[in-house]
Amino acid sequence: MVDIAHQAAINPASARAAAATRALVPLTSIDPGQWRALAQRVIEPNGYYLPGWELAVSEAARGRTDASALPAFDGSSARLIGLMPVVSLWRAWKIPLPALVSAHPYGTLCSPLIDRDAPIEAATRLLQQARGAGAHALVLNDVALDGAAISSLKNVLIRDGLKPRILSSYIRASLDATQDGETLLHGALGAKKLKELRRQRHRLEEHGPVAFEVARKPDEIGPALETFLQLEASGWKGKRGTALIQHAGDATFIRRAVPALAETAQCEVITLRAGTTPVAAGIVLRHQDRAFFFKLGIDERFARYSPGVQLTLDLTRHLCADPAIASADSTASADHPMINPFWRGRFAIGDVLIPLRRHDPVVALIHAALVGLNVAHDGARRVVRLLRK
């Protein structure tokens, strides 16, 4: 349950704070069938808010458990038309102000689920739910700034005389999978770079025939996932202690989420092998006509052959050849050195502050606190980068 009662720092022990807590529902109380049905109708795909994924995150992932939800139902109260997993501002960043924040689903996309058949009604009811929960603002992290979900919310805000504020933003890579794969790669990388990558692949073949494998079926997905986890832990993420398998909660989450989504054909594990040796592997989520490249792991003993790049080459061809996929989100950081040269599509991702009442002085406090937090985080990141040089 979201602890928005921490707003007691403003209005201590108020009946309103208690009512706000009761207004939110645990994520686990959302009917899975309704959730899956909504996911099939959403105006904007988000593989990280599919029930099989987000429930596993909330059940076990380190620092991300026990999320709550703002659900929106239609006028009959029978049909789920919107869903926004949330935590309190206190839970997210220890800021004792009455706001709700997107629950982080491990992947860097938190666009809420909004019914394409009733986008304005869904957005209206989600904002009403947030107000009813006692929040003065919503903080949506990592949303597609030009996406259909945030556009629906903006339309309702404009109607109500409110205006969202962008707290931060960056541009990240995406793939237009409607193109021919070979044509796309040639245009993105050029003949010279592709020739060098083919040379590296031929050298990799000295260790055995190179094969690109896609695990989709439930009986295939488990072994492929374990291969990925071992590869991820063997590299720099393992050295930094950030590999999924190094933390019990994260390992439990991913071992639940990947098979759960595989049962609905919404996840696959890709592997590149040289003979019997896996040299790279990755996890790809699928929602509607969009794919999401979650994570990549490589065997650094084969680094001279660029195994991560070789895997991404094959993934690009694989997605472009799939008529069910129109685009792919890299879910990568800005200026990612590996994916950006391949996937030349770009779109804006950002954090957005949504006020819930007009002329609300509390929103100004929330905004100031978040700006200060961003400044502190930017300073810390600069220090870390200097220490790593």
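Residues numbered from 1 in each chain as written. Predicted model: local features only at pLDDT ≥ 70, side-chain atom pairs only at ≥ 80, totals over all residues. Heavy atoms only, no water.

Let us look at the state of the cysteines. A full pass over the atoms with the stated rule returns 0 disulfides. For the unlinked cysteine Cys 267, the closest cysteine sulfur is that of Cys 110, found at 18 Å. Taking the relative accessible area as the measure of exposure, Cys 267 reaches 3% and is therefore buried. Residue Cys 320 stays outside any disulfide, its sulfur separated by 19 Å from that of Cys 267, the closest cysteine. (Disulfide = S-S within 2.5 Å. Buried < 20%, exposed > 50% of the residue type's maximum accessible area, 1.4 Å probe, protein only.)

What follows concerns the packing of helix 5 (residues 119-132) against helix 6 (residues 148-159). For the pair helix 5 and helix 6, interaxial distance at closest approach is 8 Å and the crossing angle is 70 degrees. One way to sum up the angle between helix 5 and helix 6 is to call them roughly perpendicular. Considering only the axes of helix 5 and helix 6, their crossing is right-handed. In contact with Pro 119, Ile 120, Ala 123, Thr 124 and Leu 127 of helix 5, helix 6 contributes Ser 152, Leu 153, Asn 155, Val 156, Leu 157 and Arg 159. Among the residues forming the contact of helix 5 with helix 6, the class breakdown is 7 nonpolar, 3 polar and 1 charged. (Axes fitted to C-alpha atoms, helices over the stretch in contact; angles between N-to-C directions. Helix = DSSP H or I, 4+ residues; strand = E, 2+ residues; numbered from the N terminus. Parallel < 35°, antiparallel > 145°, perpendicular 65-115°, else oblique. Left-handed = near helix turned anticlockwise from the far one by under 90°. Contact = heavy atoms within 4.5 Å. Nonpolar A, V, L, I, M, F, W, Y, C, P; charged D, E, K, R; others polar.)

In this section: the confidence of the model for the protein. Predicted confidence across the protein gives a mean pLDDT of 91, with 90% of residues reaching 70 or more. Here residues 380-389 scores under 50 on pLDDT; set against residues more than four positions off or in separate chains, the count is 1 contact. (pLDDT = per-residue confidence, 0-100.)

Overall, the coordinates contain 9 aromatic pairs when judged by the stated rule. Ring plane angle 40 degrees and centroid distance 6.1 Å describe the contact between Phe 293 and Trp 343, whose orientation is recorded as tilted. With Phe 293 in strand 11 (residues 290-298) and Trp 343 in the loop between strand 12 (327-329) and strand 13 (345-355), this residue pair connects regions lying 50 residues apart in the sequence. Across this residue pair, the class does not change: Phe 293 and Trp 343 are buried. Here Phe 302 and Tyr 305 contribute two aromatic rings whose centre-to-centre distance is 6.3 Å and whose plane-to-plane angle is 45 degrees, an arrangement assigned as tilted. Judged by relative accessible area, Phe 302 falls into the buried class, the value being 9%. For Tyr 305, a relative accessible area of 6% corresponds to the buried category. An aromatic cluster of at least three residues, connected via ring pairs, comprises Tyr 48, Trp 53, Tyr 106, Phe 253, Phe 292 and Phe 294. (Phe/Tyr/Trp six-rings, centres within 6.5 Å; stacked < 30°, edge-to-face > 60°.)

A few words now on the pairing of strand 6 (residues 137-144). Counting buried positions along strand 6 gives 8 out of 8 residues, so the element sits mostly inside the fold. By the bridge criterion, 3 bridges tie strand 4 (residues 99-102) to strand 6 in an arrangement that is parallel. Bridge pairing in strand 6 places Leu 100 opposite Leu 138. Pairing geometry for strand 6 and strand 13, over 6 bridges, is antiparallel. In the strand pairing of strand 13, Val 139 is matched with Leu 353. (Pairing = 2+ DSSP bridges.)

Counted at 1.5 Å a residue, the expected span for helix 10 (residues 248-262) with its 15 residues is 21 Å, and the 22 Å between its end C-alpha atoms agrees. Those residues of helix 10 not exposed but buried are Asp 250, Ala 251, Phe 253, Ile 254, Ala 257, Val 258, Leu 261 and Ala 262. Buried residues of helix 10 fall within an arc of 160 degrees about the axis and therefore sit on the same side. Where the residues of helix 10 are buried, they touch helix 3 (51-60), helix 8 (218-234), strand 9 (267-274), strand 10 (277-287) and strand 11. (Expected span 1.5 Å × (residues − 1). Arc of directions from axis to C-beta.)

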